[in-house]
Structure formats: C-alpha cells, structure tokens
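A structural walkthrough
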There are 2 protein chains.
Amino acid sequence: MTETTSPALDIALAYYRAWTSHDLDQAMSYVADEIVCDAPAGRLQGAPAYRGFMTPFVQMLTGSTLIAAFGDDTTAVVMYDTETVPVKSAPGAECVTVTDGKITYSRFIFDRLPFEAARQAAGRPAS
Amino acid sequence: MTETTSPALDIALAYYRAWTSHDLDQAMSYVADEIVCDAPAGRLQGAPAYRGFMTPFVQMLTGSTLIAAFGDDTTAVVMYDTETVPVKSAPGAECVTVTDGKITYSRFIFDRLPFEAARQAAGRPAS
C-alpha cells in the first residue's frame with residue numbers, strides 16, 4: 001500500500017476507515033451536505049442520496065484492503081479492494097475534492113458487472 | 001486535474017499520453033515484458049497479453065481527460081475519463097508499480113457494465 005499525507009488525504013482516509021468499519025454515521029461526518037458524486041450509475045447529489053447509495057454496499061461489505069492513497073491540499077485519490085457477500089473482489093477508486101474538511105465532490109469508479117451478474121444469478125430484479 | 005511529479009508518475013503519464021494518442025507502440029515502450037495486470041476480467045500476464053487487452057480499447061477510443069495523477073518513487077495512480085465509440089463516458093483508474101523505468105504491475109479498474117450493455121445492444125457475442 002502506498003500512502004502520502006495531505007489535508008485532503010487525511011479526510012479521504014478517515015472517511016475510508018469509517019465506512020470500511022461499517023460506521024456510516026462516522027463516515028458521513030466527513031461528507032458535505034451538498035456532496036456531488038459521479039458514480040458508475042450516474043450523478044448523486046446531496047448527503048441523503050449519497051448515504052442511500054453507500055448503505056447497501058456497506059451492509060454487504062465483509063473486508064477491505066487499501067491499495068494506494070495519494071493527495072494534496074484539496075484532492076485525494078484512494079484505491080482499494082473490497083470483499084462483499086456477492087462479489088469476493090470488488091476494487092474501487094475514488095477521487096475526492098475536500099473543502100473545509102468535508103468531501104464536496106467524489107468521482108467513484110468500480111466495476112458493476114460482477115454485481116449485476118450476482119443479482120441475475122439470485123433472480124432479483126434490477127434495483 | 002490534479003497532478004504531482006514523481007519518477008513513477010512520469011512513466012505512468014508518459015504511458016497514458018501515448019495510448020490516449022493512439023500510439024500503442026510508444027505506450028508499450030513503458031511496459032515491462034513481464035507486466036502483470038489485474039484487470040476487471042482477471043489477471044493478464046506478459047506484454048503480449050497486455051497489448052492484446054489494450055488494442056481494441058485504443059481502437060475505439062475517441063477522447064480522454066485526465067482527472068487526477070499522483071505518485072511517488074515506485075507507485076503512481078492515474079484516473080481519467082475516456083470517450084469511446086460504444087460508451088461516451090468510460091472512466092478508469094490505474095495504480096501502477098514502476099521498476100527501472102517500466103510498468104511492472106498494474107491494477108486497473110473500470111466499469112464493464114456499459115460496454116457489456118453496448119455489446120448486447122449490438123447483438124454481438126461475448127468476447
């Protein structure tokens with residue numbers, strides 16, 4: 001794991017450590033009310049929408065490993081692998097903008113295909 | 001776009017600039033013969049396999065924008081958005097290890113789902 005320190009990275013890592021510890025309340029304390037997140041399925045706007053996006057993911061999370069973390073004063077990139085109930089290796093990458101100690105923007109990349117395959121295998125409708 | 005400089009990042013960015021300019025020969029000059037790449041579909045081993053993976057992607061690439069780039073002596077993370085013929089916004093993130101000026105390892109994240117959807121819409125068999 002590669003890691004540097006920076007003001008933005010401190011927040012990004014505190015956020016990462018909170019949600020990977022299943023503490024979504026703590027995680028959301030690092031997220032701005034007006035967060036904008038460009039996720040694979042589209043844009044999420046506002047903390048309630050963002051929390052609604054993260055909640056089912058955190059519920060099925062069984063493990064995580066930090067791959068790399070870099071940042072500067074305002075921007076941080078965190079890459080990690082996660083283990084979830086339906087998908088054993090689900091890596092993700094986030095590039096966040098931090099303003100006044102809160103994440104105001106996130107570009108979030110992960111592969112939806114194995115989650116979609118697991119959903120279809122379980123016979124569940126598209127969410 | 002956020003960018004720092006580092007020995008590993010110099011190589012990662014030179015590689016990025018080459019493949020996004022459709023110059024795969026130049027891009028491969030930054031890739032070690034024994035590269036290992038953990039991509040969404042699984043592990044690729046060796047430069048020929050890696051080039052075989054990149055070739056169809058570069059052929060359908062119509063544009064790219066660097067989102068963030070950070071690195072240190074041995075590791076770099078590059079996040080970007082790409083525009084391709086089948087998928088108008090296909091962001092990706094790579095975390096690369098650089099040894100003796102060549103990329104020896106890459107962890108590569110992108111969302112395969114829109115490419116799969118485009119493939120199905122076009123009635124093409126799974127590749």
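Predicted, not measured: the structure shown is a model, and the values here were computed from it. Note on numbering: residues in each chain are counted from 1, in written sequence order. Both sets of labels track the order of writing: A upward for chains, 1 upward for ligands. It should be noted that, the model being predicted, local features are given only for residues of pLDDT at least 70 and side-chain atom pairs only at 80 or more, the latter also being counted only at that level, while totals for whole chains, interfaces and linings use all residues. As a rule here, side-chain values cover all heavy atoms of the structure and leave hydrogens and water aside.

**A short note on the confidence of the model for chain A**
Test applied: Known as pLDDT, the predictor's per-residue confidence is scaled from 0 to 100.
For chain A, mean pLDDT is 94; residues scoring 70 or higher make up 94% of the total. Confidence metrics for the complex model read pTM 0.93 and ipTM 0.92.

**A closer look at the relation of the copies chain A and chain B**
Rules: In this comparison the copies share one frame, found by least squares on the C-alpha atoms of residues holding pLDDT of at least 70 in both. Contacts: residue pairs with any heavy atoms within 4.5 Å of one another.
Mapping chain A onto chain B calls for a screw motion: a turn of 180° about the axis and a shift of 0.0 Å along it, with 0.0 Å RMSD after fitting. Read as a symmetry element, the transformation amounts to a two-fold axis. Across chain A, the smallest distance between a C-alpha and the rotation axis is recorded for D111(A), namely 1.9 Å. With an isologous cut-off of 70% or more, the 100% of interface residues of chain A that recur at the interface of chain B puts this contact in the isologous class.

**Focus on the interface of chain A and chain B**
Put simply, the test is: Summed over both partners, buried area is the accessible surface (1.4 Å probe) that two parts give up on being assembled. Counted as salt bridges are all cases of a side-chain nitrogen of Lys or Arg within 4 Å of a carboxyl oxygen of Asp or Glu. Starting at the N terminus, helices and strands are each numbered in turn, a helix being any DSSP run of H or I of at least four residues and a strand any DSSP run of E of at least two. Following the grouping adopted for this structure description, the nonpolar residues are Ala, Val, Leu, Ile, Met, Phe, Trp, Tyr, Cys and Pro, the charged ones are Asp, Glu, Lys and Arg, and the polar ones are all others, Gly among them.
Contacts between the two partners involve 25 residues from chain A and, on the opposite side, 25 residues from chain B. Both sides together, the interface formed by chain A and chain B hides about 2,100 Å², and carbon and sulfur atoms give 72% of it. Of all residues in chain A, the largest losses of buried area upon contact with chain B belong to F70(A), R107(A) and I109(A), amounting jointly to 28% of the total for that side. The interface formed by chain A and chain B holds four salt bridges in total. One salt bridge connects R112(B) with D111(A), and the closest N-O pair in it is separated by 2.6 Å. Within the residue set of the side of chain A that touches chain B, elements represented by two or more residues are β4 (61-71), β5 (75-84), β6 (92-99), β7 (102-110) and α4 (113-121) of chain A. A class-by-class count of the residues in the side of chain A that touches chain B yields 13 nonpolar, five polar and seven charged.

**Quick word on the packing of aromatic side chains**
Residue and element names in this part refer to chain A. Stated formally: Geometry of aromatic contacts follows a simple scheme: Phe, Tyr and Trp rings, the Trp one being its six-membered ring, pair when their centres are within 6.5 Å, and the pair is stacked under 30 degrees between planes, edge-to-face over 60, tilted otherwise. Partly exposed describes any residue whose relative accessible area lies between the buried limit of under 20% and the exposed limit of over 50%, with all areas from a 1.4 Å probe on protein chains only and scaled to the type maximum.
Throughout the structure, instances matching the rule amount to 21 aromatic pairs over all chains. Their ring planes at 45° and their centres at 5.4 Å tell us that F108 and F110 sit as a pair that is tilted. A relative accessible area of 17% means that F110 is categorised as buried. Connected via pairs of aromatic rings, a cluster forms that spans Y15, Y16, W19, Y50, F53, F57, Y80, F108, F110 and F115.

**Describing the environment of A32(A)**
Residues and elements named next belong to chain A. Relative to the helices and strands, A32 is located in strand β2 (residues 31-39). Of the residues examined, A32 reaches a relative accessible area of 6% and is grouped as buried. Counting along the chain gives 20 residues from A32 to G52, while the straight-line C-alpha distance between them is 15 Å. Filtering out sequence-adjacent residues up to four positions away, A32 remains in contact with A47, K102, I103 and T104.

**Digging into the nonpolar core**
Across soluble globular proteins, you tend to see nonpolar side chains buried next to one another. Put simply, the rule is: Residues belong to one nonpolar core when they are buried, are Ala, Val, Leu, Ile, Met, Phe, Trp, Tyr or Cys, and are joined through side-chain atoms within 4.5 Å.
Grouped together as the largest cluster of nonpolar side chains are 38 residues, with contacts concentrated most on Y15(B), W19(B), Y50(B), M54(B) and V78(B). Those elements that place two or more of their residues in this core are α1 (7-20), α2 (24-28), β2 (31-39), α3 (47-59), β4 (61-71), β5 (75-84), β6 (92-99) and β7 (102-110) of chain B. Of all the elements, α1(B) adds the most residues to this core, at ten residues. M54(B) has contacts with Y15(B), W19(B), L24(B) and F108(B), leaving out every residue within four places of it along the chain. Judged by nonpolar contacts, the second largest core, of 37 residues, contains W19(A), V31(A), V58(A) and V78(A).

**Brief notes about unusual backbone geometry**
Look at H22(B): it is not a glycine, yet its phi comes out positive at around 65°. As for its placement among the helices and strands, H22(B) is situated in the loop between α1 and α2.

**Describing the side chain of T104(B)**
Mapped onto the fold, T104(B) is located in strand β7. When residues no more than four places from it in sequence are discounted, the contact partners of T104(B) are A32(B), E34(B), I35(B), V36(B), T97(B) and T99(B).

**Some details on the pattern of salt bridges**
When the charged atoms of two side chains lie near each other, side chains of opposite charge can form a pair. Counted by the stated rule, this structure contains ten salt bridges over all chains. Across the salt bridge formed by R107(B) and D81(A), the nearest N and O atoms sit 3.4 Å from each other. Residue R107(B) is found in strand β7, and its partner D81(A) is found in strand β5; the two belong to separate chains. Side by side, R107(B) and D81(A) carry an identical accessibility label, which is buried.

**A closer look at the pairing of β4(B)**
All names here are of chain B. Which entries qualify depends on this criterion: Pairing between strands is defined by DSSP: at least two bridges between them are needed.
Bridge analysis of β4 against β5 gives nine bridges, and the strand direction is antiparallel. Counterpart to A69 in the pairing with β5 is V78. If you look at the hairpin formed by β4 and β5, you'll find three residues sitting between the two strands.

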